[in-house]
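Residues per chain are reported as follows:
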Amino acid sequence: MALGNHSTITEFILLGLSADPKVQALLFVLFLVIYLQTLIGNLMMLLVIRMDSHLHTPMYYFLSHLSFLDLCFSSATMPKMLENLLSQRKTISVRGCLAQVFFVFDTGGTEACLLSVMAYDRYVAICHPLLYGQKMTNKLCKGLAWGSWGLGFLDAFINILLAISLDFCEDQSIPHYSCELPSLFPLSCSDVSINFTVLLCSSLLHSLATCVLIVFSYTVIVSTILSIRSSSGRSKTFFTCSSHLTAVLLFYGSAFLRYFIPNTGSPLELISSVQYSVVTPLVNPLIYSLKNNEVKAAVRRTFTKYLQYFRKLTTEDDGELVYWSKIFWFGDNQRIS
């Protein structure tokens, strides 16, 4: 059934973060800068991990998926928010709203799964270091990463399939800057009890399953760290997982406030939504780069390689130019035979 056939209205009004034009102008500049920094930071992480052979390990493989997820997560909501901050009619079509709901749900659910997978990776690396290469095989890493994408898609698909059948009546106003499933329920003149139950059950199962794996992993990790005799050894070991733990607390803390508190359009609700859909994608690459010596060294190597490549563009030796092109695009391990 076409979306327009079962909706008595064709668009929603997004009330956003403020009705004051001056505040909206300031917010536009602020969120534009945040969005550009999010794009640059996550694209840089993807480029560095792809090009530097030292980062071709399970942890950075998962981190590359996380960076791509953060790009998708922020791009699902921020372009429309920026558009509405500058426009007089802050509207979004019903189709566009449901599409936004799907992508927010999909990327958010996938990120929750991926963070639990990364916790398991840290558990194996710290608690079973001698077996790390045997346990975290290339096949297993790909299965865990794509399994996270599959579970996130399935969760989003089930919820959006039920949301498509809803009828929306008189009230068009969403007290938010983006479309999210809890915000649509009060606008529907259909019975949303099944939708609400499915959303609650799927969110609880998804969050509990991933949280249990994360809590279990870090419980064993902390126990292992405390058993290390030297204080320097304990600090060094804890430092290897501190970046991931920070990302977990940021994501789960704000997502919990957004989806498990009453949908009232309160300032706390808006702040928590901005926290997990805007701020988290921005700070994740900063957390993993500023606190990680391996990433900082890889960034230096990548930019050095970048400069070497463009210096070679002026050479007359075509064979050498092809060689450096291979190095630039495919990394150190791809050489001409």
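For the chain, the name recorded in an unreviewed UniProt entry is Olfactory receptor, with Ceratotherium simum simum as its organism. What UniProt records for the chain under Sequence similarities (unreviewed entry) is the sentence "Belongs to the G-protein coupled receptor 1 family."

With that settled, the discussion passes to the packing of helix 2 (residues 58-86) against helix 3 (residues 94-127). Direction vectors running N to C along helix 2 and helix 3 enclose 160°, while the axes themselves pass 9 Å from each other. Classified by the interaxial angle, the pair formed by helix 2 and helix 3 is roughly antiparallel. Seen along the crossing, helix 2 lies across helix 3 with a hand that is left-handed. Each residue belonging to the contact of helix 2 with helix 3 can be placed in one class, and the counts come to 15 nonpolar, six polar and five charged.

Working note: α-helix, 3.6 residues per turn, so residues spaced by three or four point in the same direction. Taking 1.5 Å per residue as the helical rise, helix 3 with its 34 residues ought to reach 50 Å, and the 49 Å between its terminal C-alpha atoms agrees with that figure. The element helix 3 is extensively covered by neighbouring structure, given that 29 of its 34 residues are classed as buried.

A word on the UniProt feature "transmembrane region" (unreviewed entry) in the chain. The positions UniProt marks with the feature "transmembrane region" (unreviewed entry) are residues 25-48, 144-166, 204-226, 238-261 and 273-290. Helix makes up 100% of residues 25-48 and strand 0%. Its end C-alpha atoms lie 35 Å apart. In residues 144-166, the share of helix is 91% and the share of strand is 0%. The end C-alpha atoms are 34 Å apart.

In this section: the pattern of salt bridges. A full pass over the atoms with the stated rule returns three salt bridges. Lys 80 is paired through a salt bridge with Glu 83; the nearest N and O atoms lie 3.4 Å apart. Linking Lys 80 with Glu 83, this pair stays in helix 2, spanning three residues, or about one helical turn. A salt bridge links Asp 121 to Arg 122; the nearest nitrogen and oxygen atoms lie 3.0 Å apart. Summarising the burial analysis for this pair, Asp 121 and Arg 122 share the class buried.

Basis of the calculations
- Along each chain, residues carry numbers from 1 onward, in the same order as the chain's sequence is written.
- Under the rules for a predicted model, residues below a pLDDT of 70 receive no local features and side-chain atom pairs below 80 are neither given nor counted, while totals for whole chains, interfaces and linings still include all residues.
- Neither water nor hydrogens contribute to the side-chain values; these are computed over all heavy atoms in the structure.
- UniProt positions are given in the numbering used here, feature names are shortened, and annotations may be inferred rather than shown by experiment.
- Axes, fitted as lines to C-alpha atoms, cover a helix only where it is in contact. Angles between the N-to-C directions of the axes lie from 0 to 180 degrees.
- By definition, any uninterrupted DSSP run of H or I lasting at least four residues is a helix, any uninterrupted run of E lasting at least two residues is a strand, and each is numbered from the N terminus.
- If an angle is under 35 degrees, it is roughly parallel; if it is over 145, roughly antiparallel; if it lies from 65 to 115, roughly perpendicular; otherwise it is oblique.
- For any pair of crossing helices, the crossing counts as left-handed if the nearer helix is rotated counterclockwise from the farther one by less than a right angle, and right-handed if it is rotated clockwise.
- Throughout this entry, Asp, Glu, Lys and Arg are counted as charged residues, while Ala, Val, Leu, Ile, Met, Phe, Trp, Tyr, Cys and Pro are counted as nonpolar. The remaining residues, Gly among them, count as polar.
- For a helix, the expected span equals 1.5 Å multiplied by the residue count minus one.
- Buried means the residue's accessible area, taken with a 1.4 Å probe over protein chains only, is under 20% of the maximum for its type, while exposed means over 50%, and partly exposed covers the values in between.
- The term salt bridge refers to a pairing of a side-chain nitrogen on Lys or Arg with a carboxyl oxygen on Asp or Glu at a separation within 4 Å.

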